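Spelled out, the chains give:
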Amino acid sequence: MIDYSPFWNTLKKSPENWYTLTTNHHISHSTLHRLKHNKDISTKTLNDLCRILNCQVEDIVTYIPSKSDQQL
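Visitor: I would appreciate a short explanation of the nonpolar core in the present structure.
Guide: Generally speaking, nonpolar side chains in soluble globular proteins are found buried as a group. Core analysis: the biggest nonpolar cluster contains 16 residues, and Tyr 4, Phe 7, Leu 21, Leu 35 and Ile 60 have the highest contact counts within it. When residues of this core are assigned to their parent elements, the largest contribution, 5 residues, is made by helix α4 (residues 43-53). The residues touching Leu 35, leaving out its near neighbours within four places in the chain, are Tyr 4, Phe 7, Trp 8, Ile 41 and Leu 49.

Visitor: Mind showing me how you'd approach the pattern of salt bridges here?
Guide: Opposite charge on two side chains lets them pair, provided their charged atoms get close. Using the criterion set out here, one finds 2 salt bridges in the structure. Measuring nitrogen to oxygen at the nearest pair gives 2.8 Å for the salt bridge that ties Lys 44 to Asp 48. Within this pair, Lys 44 and its partner Asp 48 are both found in helix α4, separated by 4 residues, close to a single helical turn. For Asp 48, a relative accessible area of 14% translates into the label buried. When the shortest N-O distance is used, the salt bridge between Arg 51 and Asp 48 registers 3.8 Å. With Arg 51 and Asp 48 both in helix α4 and 3 residues apart, the pair spans about one turn of that helix. In the salt-bridge network here, residues are joined through shared partners; they are Lys 44, Asp 48 and Arg 51.

Visitor: Help me understand the packing of aromatic side chains, please; the structure alone is not making it clear to me.
Guide: In this description, an aromatic ring pair is defined by two values, namely the gap between the centres and the angle between the planes. Considering all chains together, one arrives at 2 aromatic pairs under this definition. Considering the side-chain rings of Phe 7 and Trp 8, the 4.7 Å spacing of their centres and the 75° angle between planes classify their relative orientation as edge-to-face. By relative accessible area, Phe 7 is classed as buried at 0%. Taking 6.1 Å as the distance between ring centres and 20° as the angle between the ring planes, the aromatic pair formed by Trp 8 and Trp 18 counts as stacked. Of this pair, Trp 8 sits in helix α1 (residues 5-13) while Trp 18 sits in helix α2 (residues 18-23), and the two are 10 residues apart along the sequence. Trp 8 sits in the partly exposed class, given a relative accessible area of 25%.

Visitor: Would you mind going over unusual backbone geometry with me for this structure?
Guide: The general pattern is negative phi for most residues beyond glycine and trans for most peptide bonds. Phi is positive for Asn 38, close to 55°, though the residue is something other than glycine. For Asn 38, the position within the fold is in the loop between α3 (29-36) and α4. Classification of Asn 38 as partly exposed rests on a relative accessible area of 28%. The backbone of Asn 54 shows a phi angle near 55°, a positive value even though the residue is not glycine.

Here is what the cut-offs are and how they apply
- Residues numbered from 1 in each chain as written.
- Predicted model: local features only at pLDDT ≥ 70, side-chain atom pairs only at ≥ 80, totals over all residues.
- Heavy atoms only, no water.
- Core = buried A, V, L, I, M, F, W, Y, C linked by side-chain atoms within 4.5 Å.
- Buried < 20%, exposed > 50% of the residue type's maximum accessible area, 1.4 Å probe, protein only.
- Helix = DSSP H or I, 4+ residues; strand = E, 2+ residues; numbered from the N terminus.
- Contact = heavy atoms within 4.5 Å.
- Salt bridge = Lys/Arg side-chain N within 4 Å of Asp/Glu carboxyl O.
- Phe/Tyr/Trp six-rings, centres within 6.5 Å; stacked < 30°, edge-to-face > 60°.

Okay, here's the thing in structure tokens:
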């Protein structure tokens with residue numbers, strides 16, 4: 001399972017917030033909602049967030065093995 005908990009910690013430490021992401025950086029409310037609920041987002045969005053927050057991908061996302069993961 002992809003978990004976006006690191007994103008919220010990174011956001012909290014940055015000068016940005018939900019309002020500035022949506023207003024100044026044009027990150028949609030639906031994207032932030034998706035992050036909040038650990039739903040899929042695009043790699044472009046990950047790239048944008050890393051650029052905006054001046055961080056690495058691992059500061060936004062982590063992988064947690066889950067029994068509900070797709071069988072390979």
